[in-house]
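An overview of the molecular structure
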Amino acid sequence: MKIHFKIPYFTYWGQRLMVSGNIPEFGNGENTKAIALNFQDAEDWYVDIEVNKREPFILKYKYILYFEQNGQYIEEWGDDRFIALDSTKMDHFFCFDTWNSPGSIENVFLTTPFQKVLLRDNYTEINSKSTINYTHIFKVKAPLLKKNEALCLIGDCQAMGNWSTNQPIIMGHDDENWWTAFVDLSKAKGEVHYKYGIYDREDKQFRYFESGSDHIAPIINSKKTYVQLSDVFLRVANNSWKGAGVSLPVFSIRTKKNMGVGDFADIKLLVDWAKKVGLKLIQLLPLNDTIGTHTDADVLPYAAISAFALNPLFLNLPEMGKLPSTHPLQKVNKTKQTEWNMLDLVPFLEVINYKLQYAKELYLLQKDKFLKNEDFKTFFANNEFWLAPYAAYCVLRDQFGTFDYRQWKDFARYDEVKIKEFSSPEQPHFDDIAVNYFIQYHLHIQLSDAAAYAHNHGVVLKGDIPIGVNRNSVDTWVSPQLFHMHMQAGAPPDMFAVKGQNWELPTYNWEAIERTGFDWWKKRFAQMSNYFDTFRIDHILGFFRIWQIPINQVEGIMGHLNPSTPLHINEFAEKGLWMDYNRFCKPYITDAILWDFFGEEASWVKGNCLQIEDGWIFHLKSQYQSQLAVEKLFTEGHFTERIKWGLFDLISNVLFFEVEGSHGTQFYPRFGMETLRSFRDLDNYTQDRLKELYVNYFYQRQDSVWYKSGMEKLPALKRATNMMICGEDLGMMTPCVTSLMKELGILSLEVQRAPKSNEFEFFHPSNAPYMSVVTPSTHDMSTVRGWWEEDRVVTQRFYNSQLGHWGEAPYFCDWWICRDIVLQHLYSPAMWAIFQIQDLLGISDTIRRTNPHEERINVPSNSMYSWRYRLHLNMEELLEKVEFNAELKNYIMQSGR
C-alpha cells in the first residue's frame, strides 16, 4: 500500500518539510528519523511512501519544518492527524493537508479552558456516517460553532448537491476536534469545488457559507484509492470571542469564615461573585509552598521552596477535619479566627504557624486511617517524585534550623537512597515526614474541589508560574545540575526599580534542562494542569534571555543579559577607542564623587575602604570590592547605612563588566551607562563612541540570539500542555519576543501605563492585538486610584490624551474616572480584559476602599514587606451589593464579554 502526502507551505532557502508518524516507515515519531518531502512548484511539498503492513492500523502523523543550517525542527501544532488504513481494501491513500500553525488563533479555542469550560455547552456530537462506498474524506475544525450549529458540505457535483443548500451533507463530529464527512465522488470527473457551511440543527436550515474561495478536491479514478482532505480550520471570523476576568491573590480573599487569610475553600465565593457579574476567569498568584525560614520573609509567593508543593497557608482547617472540642487548639480556633479576620493585613506568620500546628495534631489523630486510605495512596504514587524529597526537606530544614541545605552535613547533597531510608516508616521521625504527605494531600483535595466548583459555574482558573525557584529549594537540592547556582536572576532598572531588581533566584542551566527533554518543566506544567485551565508565565522574557547577576553582588544594576553576544575588544578599536580596562571596568572614584556619595563620612571611607595606586588613582580594597561583602560588613556593624549605600554606588560606577573567562577580550556594558559619573567625566568623543557600542549591544545585535534561545525552549514546553498560555512580556521588549509569542499562539500582556515602545507614554487598550490580555494594573503596580495620586503631571496628560477629557484632571480618582478606564479595557479588541478587583470596586463611590494606597499588593523594590493585602469587605457582603453587581454585569455584557 502506498500513502501519498501533499501540503502547501512556503519555505525559504535551507528549509524543508518532513513528515513523521507512529510506525517504523515514518520514524516512529522521532524527528531525526522523519521522512523528507520533495519540493514541487511554488509552495507544494509531496512524498510517496510504501507501507508493508497487512493488518488494519491507525497512522498518526504530523508535519515538521526542518532547518538545514542549524538542525532545528519545528513541529506543526496538534497531535490529532490520523488515517485509518487497511491494505486489504486500499492500494493508494492520498492525504491533501494544510499546515497547522501554532499561532493560528483557532488553536487557542481548542485549549483546555475553552474545550472543558467556556465552550463546553456548544459541543455537539454527531456520528460520522461513512457510506459503504466512499472515495473521499473531508475533515475540518470549527471550535467556535455555537450551540445547535453543525458543519455541512456543499459542492459542484451531484454527490454534493450541485451547490444547493436545501440538502447539504451534514458532517459528523464524534472526534473532539475534527468535523468529518465521507463522500463517494467516484462519478465525478477532474476536480470538485466545494465549501463548508453552517447548518442550524434546531431549525434544520442552512445558514451561511464560510468565507474565501472554493476548496478543490482532486478526483483520482482508480480502484482501491482513497483521498483525505484536511482543511484544518473553517474560514469564518475567529476574533469575535471575548472574555473578562478578575485578578485577586488567594490570600487577599476575605470571607466571614476565614482566618485572616484567604484559603482554597474561599475561592468558591469568589467564583460565585464572578458568575454573578459575568466574569469568566479568575487569575491567582503562585500557590506553591514558600516556608523556608519560618519568618515573615516566607511571605514572597515568587520564591517557592518547591515548584510542586502547595502552600499550607491556604489550608481550610474545617474542611481538613476537626480536632476534639477539648483540644487546646480547637478551643482557641474561634477566638483566633475572629481576631485575625478583623485585621486589615494578612497576619502571615501567626496564621501559618497555627495551621501547621493544627494540621500536625489532626494528622496524629487520623494517621492510621489516613495512611491506609486508597485515595491517598493513589495521590502519593502519582506525586512521589516530588512529594518524597519535599517531605524529607521539610523535616531536615527544621532539624537543622535552616533551609540552607549546604549546612545539612550528611544530607547536604541529595542522595535518593539515603533519603528513602531517612523517610522510612521505621524511622522515629516518620510522623514528621508523613504530616507533610497529609498536608499536601488535603491541599490537593481542596484546590481540586475549588477548581471543579469553578468549572461547574462556567469560570476558569488562571495560575501563575514564577520564572524561578528559591536558591535553597527542594528543586535545587535534588537537581542542582539544572541551575546556575553561582548566578542570580533579576531585572534591569525600570520605572519601578531604579537600581534594578535582584530576585536572588538561581538562573537555569538550559543546556542541561534540554538534555533531559525539559522533563522538570513538563512535570511542572502537568502539576499546574491538575488545578488550572490557563496560566501566566511570569517574566516570559526569561525564556529568551535572563538578567543575570553574579552571586557576590546585591543590586540588580550589577547584572547582564544572558545569553547575549558581548562586545569584543576589537570593537572598541574599530570605534577609535583604546579599551582602558582600569578606567572602563573598575569603579571610577574621585574626591568629588566621594564627597557626593558620603558627605562628611568621605574621609572615613578614604582612609578605611580605599587604596591609592600610581600615586593618585583610587581603588577599593579587596574586602570592599563586592556588594555582598559590603552588606556583610554592614550587618556586622562596621559602618553606617549611608556608607553601605555609597559603597554600593561606587562598586556599580563602572562602564563595562568583563566576561568571565574571556581574559580581557569581551565585555558587557553596564545598563544605564549614560547616567553614571564615570561616563559623564569622559570627553565628548569617547561618550559618543561608547553610546554607539551600548545601543548596538542592548538594542541591535541580540535579536537573532534571543529568538534562537526562545525557539529552543518555548515550542517544546508549549507542546507539553493544553492549557492556554499567557506571557508576562513586560520589560525590555525586543521584536523577537513579540514575533515568537505570536508564532506560538502565546497571549501577550498589555498594560495601559507600561507601553512596550518608548515612543509612547501610555498604551491605549483600543490598540491591543486580539491575542492578548489587557489590564489597567498588575500586582506589581499601584492600583488605578493609587497611581492617579502619584504624579499630577502624568495623570493630567493621561486625563486629556487617553480619557479624552478637557480641562484640569480631578485631584482624586473619582468613581467615574475608574469607570471610564474599566470601559476602555472592556471594549478593547483583546481576547481577555482582566482587572485587579480593586480597580473594579473603584467604579463605586460607596464600595471602594477609603485609602487607595492601602490596596497595593507588591512593591518590587521592597517585596519582603508586601504580599499582605486583604479585601476590605467580605465576599458575602460583596455578593449582596445588588446595585453595584448589576452595574458591573451590565458593563461586561454590553461590551460583548
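Further up the page is the structure itself.
Residue positions are counted from 1 within each chain, in the order its sequence is given. At least 70 in pLDDT is required for a residue's local features to be given in this predicted model, at least 80 for side-chain atom pairs to be given and counted, and no such filter applies to totals for whole chains, interfaces and linings, which use all residues. Note that water and hydrogens are dropped before the side-chain values are worked out from all heavy atoms of the structure.

Describing the packing of helix α5 (residues 328–341) against helix α6 (residues 348–372)
- Lines fitted to C-alpha atoms define the axes here, with helix axes fitted over just the stretch in contact, and angles between the N-to-C directions of these axes take values from 0 to 180 degrees. Starting at the N terminus, helices and strands are each numbered in turn, a helix being any DSSP run of H or I of at least four residues and a strand any DSSP run of E of at least two. Where α5 meets α6, the axes come as close as 12 Å, and the angle between the chain directions of the two elements is 155 degrees. Considered as vectors, α5 and α6 are oriented roughly antiparallel to each other. Crossing handedness for the pair α5 and α6: left-handed. Residue-level contacts link Leu329, Gln330, Val332, Asn333 and Trp340 of α5 to Glu350, Val351, Tyr354, Gln357, Tyr358 and Glu361 of α6. Oblique is the label for every angle not falling under 35 degrees (roughly parallel), over 145 degrees (roughly antiparallel), or within 65 to 115 degrees (roughly perpendicular). By definition, any crossing whose near helix is turned counterclockwise from its far helix by less than a right angle is left-handed, and any crossing with a clockwise turn is right-handed. Contacts were defined at the residue level, with two residues in contact if any of their heavy atoms lie within 4.5 Å.

Details of the sheet that holds strand β34 (residues 832–836)
- We treat two strands as partners when DSSP finds at least two bridges between them. Pairing in this open sheet of 8 strands is parallel, and the strands run β31-β23-β20-β19-β18-β34-β33-β32 from one edge to the other. One side of each edge strand has no neighbouring strand; the edge strands of this open sheet are β31 (724–727) and β32 (748–751). Along the sheet, successive strands turn relative to each other by an average axial angle of 25 degrees, direction set aside.
- Relative to strand β23 (residues 534–537), strand β20 (residues 460–465) runs parallel, the two being bridged by 4 bridges. From the neighbouring strand, aspartate 464 faces β23, where its bridge partner is arginine 536.
- In the packing of helix α12 (residues 519–529) onto the sheet, the strands contacted are β20 and β23, and the crossing angle to β20 comes to about 150 degrees.

Things to note about the packing of α6 against helix α7 (residues 374–400)
- Between α6 and α7, whose axes approach to 5 Å, the crossing angle comes to 70 degrees. By the angle class used here, α6 and α7 are roughly perpendicular. Packed against α6, whose contacting residues are Phe370, Leu371 and Lys372, the element α7 presents Glu374, Phe376 and Lys377 at the interface.
- Any residue that is not Ala, Val, Leu, Ile, Met, Phe, Trp, Tyr, Cys, Pro, Asp, Glu, Lys or Arg is counted as polar, Gly included; the first ten are nonpolar and the last four charged. The class makeup of the residues in the contact of α6 with α7 is 3 nonpolar, no polar and 3 charged.

A word on α7
- Compared with the 39 Å implied by 1.5 Å per residue over 27 residues, the 33 Å span of α7 between its first and last C-alpha is markedly short.
- The seven residues ending at a residue and the seven starting there each receive a fitted axis; the angle between those axes is the bend at that residue. Approximately 90 degrees is the largest bend angle found in α7, and it occurs at glutamate 384.
- Trailing α7 by a residue or two, glycine 401 shows a phi angle of about 70 degrees, which is positive. A helix is expected to reach a length of 1.5 Å times the quantity of its residues less one.

A word on the packing of aromatic side chains
- Two aromatic rings, drawn from Phe, Tyr or Trp (for Trp, its six-membered ring), form a pair once their centres lie within 6.5 Å of each other, and the interplanar angle then sorts them: stacked below 30 degrees, edge-to-face above 60, tilted otherwise. Enumeration over the complete set of coordinates arrives at 77 aromatic pairs.
- Aromatic side chains phenylalanine 10 and tyrosine 12 sit 5.2 Å apart centroid to centroid with 90 degrees between the ring planes, which places their arrangement in the edge-to-face category.
- With a relative accessible area of 47%, phenylalanine 10 lands in the partly exposed category.
- Summarising the aromatic geometry, the rings of tyrosine 799 and tryptophan 816 are spaced 6.4 Å apart at their centres and angled 65 degrees between planes, so their arrangement reads as edge-to-face. In this pair, tyrosine 799 is assigned in helix α24 (residues 792–801) and tryptophan 816 in helix α25 (residues 815–826), connecting sequence segments 17 residues apart.
- The exposure class of tryptophan 816 is partly exposed, given its relative accessible area of 24%.
- If you follow lysine 139 out to its NZ or CZ, it ends over the ring of phenylalanine 82, 3.9 Å from the centre.
- To sit over a ring, a charge needs its Lys NZ or Arg CZ within 6 Å of the ring centre and within 35 degrees of the ring normal. Sitting over the face of the ring of tyrosine 405, arginine 406 holds its NZ or CZ atom 4.4 Å from the ring centroid. Between buried and exposed lies partly exposed: a residue is buried under 20% and exposed over 50% of the maximum accessible area for its type, with that area taken using a 1.4 Å probe on protein chains only.

A word on the pattern of salt bridges
- Put simply, a salt bridge is a Lys or Arg side-chain nitrogen that is within 4 Å of an Asp or Glu carboxyl oxygen. One pass over the structure, following the stated rule, counts 44 salt bridges.
- Lysine 523 serves as the salt-bridge partner of aspartate 519, at 3.1 Å between the closest nitrogen and oxygen. Linking aspartate 519 with lysine 523, this pair stays in helix α12, spanning 4 residues, or about one helical turn.
- Note on aspartate 519: relative accessible area 34%, which makes it partly exposed.
- Judged by relative accessible area, lysine 523 falls into the partly exposed class, the value being 32%.
- Measuring nitrogen to oxygen at the nearest pair gives 3.3 Å for the salt bridge that ties arginine 849 to glutamate 854.
- Using a relative accessible area of 6% as the deciding quantity, one classes arginine 849 as buried.

Description of unusual backbone geometry
- Residues asparagine 562 and proline 563 are joined by a peptide bond in cis, for which omega reads 0 degrees.
- Of note, proline 563 is situated in the loop between β25 (560–562) and β26 (567–568).
- Within the chain, glutamate 504 stands out as a residue other than glycine whose phi angle is a positive 60 degrees.
- If you trace the backbone, glutamate 504 turns up in strand β22 (residues 501–508).
- Looking at glutamate 504, the relative accessible area reads 53%, which means it is exposed.

A look at the sheet that holds strand β10 (residues 136–141)
- Taken in spatial order, the 7 strands of this open sheet run β4-β5-β1-β9-β17-β10-β13, and their pairing is mixed. On the outer flanks of this sheet lie β4 (38–40) and β13 (178–183), each paired with one strand and no other. Adjacent strand axes in the sheet meet at a mean angle of 20 degrees, parallel and antiparallel pairs treated alike.
- Pairing geometry for β10 and β13, over 6 bridges, is antiparallel. Note on β13: the bridge partner recorded for phenylalanine 138 is alanine 181.

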